Amino acid sequence: MHMQALNGFREMVLGGTMPNPVIISLLISVCSELNLLRVGKELHCFVIRHKMDDNIHVGTAIINLYSRCSTISEAQSVFDRMRTHDAICWNTILAANFKDGNCDRGLALFDQMRKEGIRLTNASWNIIIGGCVQYGQNESAVDFFRRMQVAGFRPDQITILTILPVCGNLELLCGGRAIHSYVLRSRLTNSLAMETALSLMYAKCGDLEMSQRVFDMILSKDLVAWNTIIIANSMHGDGVKALALFREMLETGIRPNSVTFTGVLSGCSHSRLIEVAVSIFNSMEKDYCIEPQSDHYSCLVDLLGRAGRLQEAYELLLKNPAKETAPAWGALLSACRVHKNVELGRLAAARLFEIEPDNPGNYVSLFNILVAAKRWDEAAEIRKMLRDQGVGKRPGISWIHVKNKTYKFLVGEKSNEQTEEISRFLQDVRKKMNDAGYLPETENVLQDVDQAEKEAALCNHSEKLAVAFGVLNSTGGQSTIRVFKNLRICRDCHNVIKFIAKVIQKQIIVRDSTRFHHFRDGLCSCGEFW
Ligand code: ZN
Ligand code: ZN
């Protein structure tokens, strides 16, 4: 009853009773909450007139007020004028700096707190870790998380909920597992948010089995938990399971939202469930009053496109009322590349050049379509456009975590200590494959070079290097090798990794830009459809 509280204060002062600092700081917090900057400022004046501005609780409340409703410089100047600061006061100004969008200033302030010997609290660490996450500084967040524990603090619910998504984003499976066991030991599991975060972390780190196990343990599952497990299965290419989970969710009476449909449709798209996807897509608006967005169109266009139903995909796209259509047209363009449809490829590319003229991928795709169709003149024109725009092809990069360290590989990477062993290993694999009658898939190498050079160019793809490195450094007890890549895996690498998985009798999981591939016994979970 905020307004009543403010009125009560008026009456109190008019009646001649002097409020104490506790009441003042409470009322200022009310103003922050209700965004009442003018009333808050009046209270600030009252505080100055009655010489209460040295009270640490009042000062902290004012800093918070200016940080939330006005500018950081006003908050900072209140902070600077205070003679003493306690930990809560420092935490408030620290959080204010991060909120204001000044990550560097926040980091510097935290350093200052340590130098001045301020007694840090769990909240201080949570603010600094959360600040790093907010600005995408995932590695720093992990670093502060470690330092927090070295300094003798015990991560709490907030810390864990902040750091788990980081583990997922950086695919730090070992770290994620350690946090999970910490959560169990500290009995922090009882929250749905925690269990859902753990489930998502495992899925993103490439461990679908654990993701599913954590999900199964959740007693009362909400929409977010269901969405998480549906998306987890979709990411890992198990559309059938995603679909089954979707139906199970509907049976429990939970209504799906737009995210649920993105999950189910992308699962269908990875598993080639065309008719089911079309009927689910059509049911969105009819049965659930959810208007399909660009994401949903992309999934369906991608699915139809890769199944070779390009015309249908194109017509669907023309119906798409959503404005953000780049991913959907991009899906059509790459389908045109696979199915060598120059006509539609040109149309899709033209649309994409308008929507996102700075994305080099579109030029590269059209270039490849034209080269494959031997339209050299047109291709040269596209290459010229690409050069004139000054946009370069994004380099492929793959990475793998071995013993708490991340190893990155670019195409033809030679800086790794084990470069020679890696190339010997891959040559050996290639020889065994040749003996077994596999031919290198040189279609992805479009330069005008001879066969030997094409094969050589394929040999040093980043995902092959990372997988080879993983195999060379895997221990006897390790049953799975996990590699991550920023772009789509290429046909040839896909074949080679299938072969390697068969030879070493271990599972190899590769996550590319669109999904996870699980390679086992010479087969991939994607069933060659990607
Ligand atoms: Zn490759
Ligand atoms: Zn695959």
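Residues numbered from 1 in each chain as written. Chains lettered and ligands numbered in written order. Predicted model: local features only at pLDDT ≥ 70, side-chain atom pairs only at ≥ 80, totals over all residues. Heavy atoms only, no water.

1. Examining the sheet that holds strand 5 (residues 516-520)
Right, so step 1: The strand order 2-1-3-4-5-6 describes an open sheet built from 6 strands, whose pairing is mixed. Only two strands of the sheet have a single partner each, and these edge strands are strand 2 (405-410) and strand 6 (523-524).
Right, so step 2: Here 4 bridges tie strand 4 (residues 507-511) to strand 5, and the two strands are oriented antiparallel to one another. Following the sheet pairing, R511 is matched in strand 5 by F516.
Right, so step 3: Its contacts with the sheet place helix 27 (residues 491-504) against strand 3 (480-485), strand 4, strand 5 and strand 6, and it is angled at close to 40° to strand 5. (Pairing = 2+ DSSP bridges. Helix = DSSP H or I, 4+ residues; strand = E, 2+ residues; numbered from the N terminus. Contact = heavy atoms within 4.5 Å. Axes fitted to C-alpha atoms, helices over the stretch in contact; angles between N-to-C directions.)

2. Some thoughts on the coordination of the zinc ion (ligand 1)
Right, so step 1: Of the protein atoms, only H461 (ND1), C490 (SG) and C493 (SG) coordinate the zinc ion (ligand 1), at distances of 1.8 to 2.3 Å.
Right, so step 2: Motif for the zinc ion (ligand 1), donor spacing along one chain: H-x28-C-x2-C. Of this pair, H461 sits in the loop between helix 25 (451-459) and helix 26 (462-472) while C493 sits in helix 27, and the two are 32 residues apart along the sequence. The same class applies to H461 and to C493, which are both buried. (Donors = N, O, S within 2.8 Å, 3.2 Å for Na, K, Ca; no water. Buried < 20%, exposed > 50% of the residue type's maximum accessible area, 1.4 Å probe, protein only.)

3. Notes on the pattern of salt bridges
Right, so step 1: Enumeration according to the criterion identifies 18 salt bridges in this entry.
Right, so step 2: A salt bridge links R147 to D143, with the nearest nitrogen and oxygen atoms 3.9 Å apart. In this pair, R147 and D143 are both assigned in helix 9 (residues 138-150), 4 residues apart and thus about one turn of the helix distant.
Right, so step 3: A relative accessible area of 34% means that D143 is categorised as partly exposed.
Right, so step 4: Between E209 and R213 there is a salt bridge whose closest N-O contact spans 3.9 Å. (Salt bridge = Lys/Arg side-chain N within 4 Å of Asp/Glu carboxyl O.)

4. Notes on the environment of M210
Right, so step 1: Along the polypeptide, M210 turns up in helix 13 (residues 208-217).
Right, so step 2: As for M210 and E285, which are separated by 75 residues in sequence, their C-alpha atoms are 34 Å apart.
Right, so step 3: Not counting residues within four places of it along the chain, the set of residues in contact with M210 comprises H180 and Y202.

5. With respect to the packing of helix 20 (residues 326-338) against helix 21 (residues 342-355)
Right, so step 1: Direction vectors running N to C along helix 20 and helix 21 enclose 150°, while the axes themselves pass 9 Å from each other. Our classification of the angle between helix 20 and helix 21 gives roughly antiparallel. Once helix 20 is placed against helix 21, the crossing between them reads as left-handed. Mapping the contact onto sequence places A326, W329, G330, L332, L333 and C336 in helix 20 and L344, G345, A348, A349, R351, L352 and I355 in helix 21.
Right, so step 2: Its residues assigned to classes, the contact of helix 20 with helix 21 shows 10 nonpolar, 2 polar and 1 charged. (Parallel < 35°, antiparallel > 145°, perpendicular 65-115°, else oblique. Left-handed = near helix turned anticlockwise from the far one by under 90°. Nonpolar A, V, L, I, M, F, W, Y, C, P; charged D, E, K, R; others polar.)

6. What about the coordination of the zinc ion (ligand 2)?
Right, so step 1: Surrounding the zinc ion (ligand 2) are the protein donor atoms H494 (NE2), H517 (ND1), C524 (SG) and C526 (SG), which sit 2.0 to 2.3 Å from the metal.
Right, so step 2: Taken together, the 4 donor atoms coordinating the zinc ion (ligand 2) span angles of 102 to 116° at the metal, a pattern that classifies the geometry as tetrahedral.
Right, so step 3: Considered as a linear motif, the donors of the zinc ion (ligand 2) on their single chain read H-x22-H-x6-C-x1-C. You can see H494 sitting in helix 27 and its partner H517 sitting in strand 5, a full 23 residues away along the chain. (Tetrahedral: all angles 85-135°; square planar, octahedral: opposite > 155°, others 65-115°.)

7. What to know about helix 23 (residues 376-389)
Right, so step 1: Here helix 23 spans 20 Å end to end across 14 residues, near enough to the 20 Å set by a 1.5 Å rise per residue.
Right, so step 2: Listing the buried residues of helix 23 in full gives A379, I382 and L386. Viewed end-on, helix 23 has its buried residues packed into an arc of 60°, placing them on one side of the element. Exposed side chains of helix 23 directed beyond 90 degrees from the buried face belong to D377, E381, R387 and D388.
Right, so step 3: Among the structural elements, helix 22 (360-372) are those in contact with the buried residues of helix 23. (Expected span 1.5 Å × (residues − 1). Arc of directions from axis to C-beta.)

8. Some words on the pairing of strand 2
Right, so step 1: Bridge count between strand 1 (residues 397-402) and strand 2: 6 bridges; the pairing is antiparallel. Across the sheet, residue H401 finds its bridge partner in strand 2, namely T406.
Right, so step 2: Where strand 1 hands over to strand 2, the hairpin turn is made up of 2 residues, of which K403 adopts a positive phi near 45°.

9. Some thoughts on the packing of helix 15 (residues 239-251) against helix 17 (residues 274-288)
Right, so step 1: Their axes nearest at 13 Å, the elements helix 15 and helix 17 cross at an angle of 25°. In terms of their interaxial angle, helix 15 and helix 17 are classed as roughly parallel. Of the two possible hands of crossing, helix 15 and helix 17 adopt the one that is left-handed. Across the interface between the two elements, L243, F246, R247 and L250 of helix 15 pack against V276, I280 and Y288 of helix 17.
Right, so step 2: Looking at the contact of helix 15 with helix 17 residue by residue, the classes come out as 6 nonpolar, no polar and 1 charged.

10. Points about the packing of aromatic side chains
Right, so step 1: Under the defined criterion, the tally for this structure stands at 16 aromatic pairs.
Right, so step 2: A centroid spacing of 5.7 Å and a plane angle of 75° characterise the contact between F9 and F46, whose relative ring orientation is edge-to-face. Placement of F9 in helix 1 (residues 2-14) and of F46 in helix 3 (residues 37-49) is noted, with a sequence separation of 37 residues between them. Of the two residues examined, F9 and F46, each falls in the buried class. (Phe/Tyr/Trp six-rings, centres within 6.5 Å; stacked < 30°, edge-to-face > 60°.)

11. Things to note about the pairing of strand 4
Right, so step 1: For strand 4, a buried count of 5 out of 5 residues is recorded, marking the element as mostly surrounded by other parts of the structure.
Right, so step 2: Of the two faces of strand 4, the one carrying Q507, I509 and R511 and the one carrying I508 and V510 are both buried.
Right, so step 3: Pairing analysis gives 5 bridges linking strand 3 to strand 4, with the strands arranged parallel. Of the residues in strand 4, the one forming a bridge with T480 is Q507.
Right, so step 4: Handedness of the β-α-β unit built from strand 3, helix 27 and strand 4 comes out right-handed.
Right, so step 5: Between the end of strand 4 and the start of strand 5, which pair antiparallel, lie 4 residues. (Right-handed = clockwise from strand over helix to strand, strands pointing away.)

Read these as layout, nothing more, since geometry by itself doesn't imply function.
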